[in-house]
Amino acid sequence: MTGLATVVENTSRLLHASGHAEGLYPAQWVALRYFAEMSEAQRTASALARFQDLAIASVARTVVTLVDKGLLTKRPNPRDARADVLDLTEKGRELLKNDPRLALERALAEIPDEDIESYARTATRLLQRLLELRQYKADG
């Protein structure tokens, strides 16, 4: 298992390092993708915080940075006056064309479907178990 754990760890490290691109940090890329893919009702800082299981303060800092960089804009939320709707700007959409995750998607596209399905099941179980262990440690 040590060999597999090393492969998983090194893959994770490589993917995380690739997220430092185009002047953004990995969390900022996650936020841009999130706001590009979600419906208007989900394009709020608090919804992103729930999605990432993070404190609203850290997500709010990410959002402010992306707004300051001209990648997101805020507008009043027609459903909830307490939370702005966040939209990608044209600059944000253009930047996503250089998303470092695209390299991962291209690499995965080269793997046979049956291997992808097996990997997806295994990776999902691994993630679930790691989250369970994290929660157990936090509770314990």
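Residues numbered from 1 in each chain as written. Predicted model: local features only at pLDDT ≥ 70, side-chain atom pairs only at ≥ 80, totals over all residues. Heavy atoms only, no water.

1. Side note on the overall build of the protein chain
Right, on to step 1. Assigned secondary structure in the protein chain consists of seven helices and two strands.
Right, on to step 2. Its helices and strands in sequence order give the protein chain the pattern α-α-α-α-β-β-α-α-α, from N to C terminus.
Right, on to step 3. Dimensions of the protein chain along its principal axes, counting C-alpha atoms only, are 50 × 40 × 25 Å.
Right, on to step 4. Counting only residues that meet the buried cut, the protein chain has 24% of its 140 residues in that class. (Helix = DSSP H or I, 4+ residues; strand = E, 2+ residues; numbered from the N terminus. Buried < 20%, exposed > 50% of the residue type's maximum accessible area, 1.4 Å probe, protein only.)

2. A closer look at the nonpolar core
Right, on to step 1. L24, L32, F35 and L66 are the most contacted members of the largest nonpolar core, which has 19 residues in total.
Right, on to step 2. Going through the elements one at a time, α2 (26–37), α3 (45–52), α4 (56–68), β2 (85–88) and α5 (90–96) are the ones with two or more residues in this core.
Right, on to step 3. The element best represented in this core is α2, accounting for five residues.
Right, on to step 4. Among residues more than four places away in sequence, those in contact with L24 are G19, W29, L32, L66, K69, L71 and L95. (Core = buried A, V, L, I, M, F, W, Y, C linked by side-chain atoms within 4.5 Å. Contact = heavy atoms within 4.5 Å.)

3. Side note on the UniProt feature "domain: HTH marR-type" (unreviewed entry) in the protein chain
Right, on to step 1. When the UniProt feature table is mapped onto this chain, "domain: HTH marR-type" (unreviewed entry) is found at residues 1–132.
Right, on to step 2. Across residues 1–132 one finds 65% helix and 6% strand; the C-alpha atoms that close the span lie 19 Å apart. (UniProt positions renumbered as here; feature names shortened; annotations may be inferred.)

4. Some thoughts on a negative patch on the surface
Right, on to step 1. Residues D113, E114, D115 and E117 make up a contiguous surface patch of negative charge.
Right, on to step 2. Positionally, D115 belongs in helix α7 (residues 113–139).
Right, on to step 3. The class of D115 is partly exposed, set by a relative accessible area of 41%. (Patch = residues over 30% accessible without salt bridge, like charges linked within 9 Å, V, L, I, M, F, W, Y side chains within 5 Å. Areas by Shrake-Rupley, 256 points an atom, 1.4 Å probe, with all protein chains shown as cover. Salt bridge = Lys/Arg side-chain N within 4 Å of Asp/Glu carboxyl O. Lys, Arg positive; Asp, Glu negative; His and termini not counted. Charge placed at Lys NZ, Arg CZ, Asp CG, Glu CD.)

5. Some words on the side chain of D87
Right, on to step 1. Turning to its location among the elements, D87 is positioned in strand β2.
Right, on to step 2. The buried category is assigned to D87, whose relative accessible area is 16%.
Right, on to step 3. A polar side-chain atom of D87 sits 2.6 Å from a polar atom in the side chain of R43.
Right, on to step 4. Beyond its immediate sequence surroundings of up to four residues, D87 is in contact with R43, L71, L72, T73 and R75. (Polar contact = N/O pair within 3.5 Å; in protein donor to acceptor, adjacent residues only side chain to side chain.)

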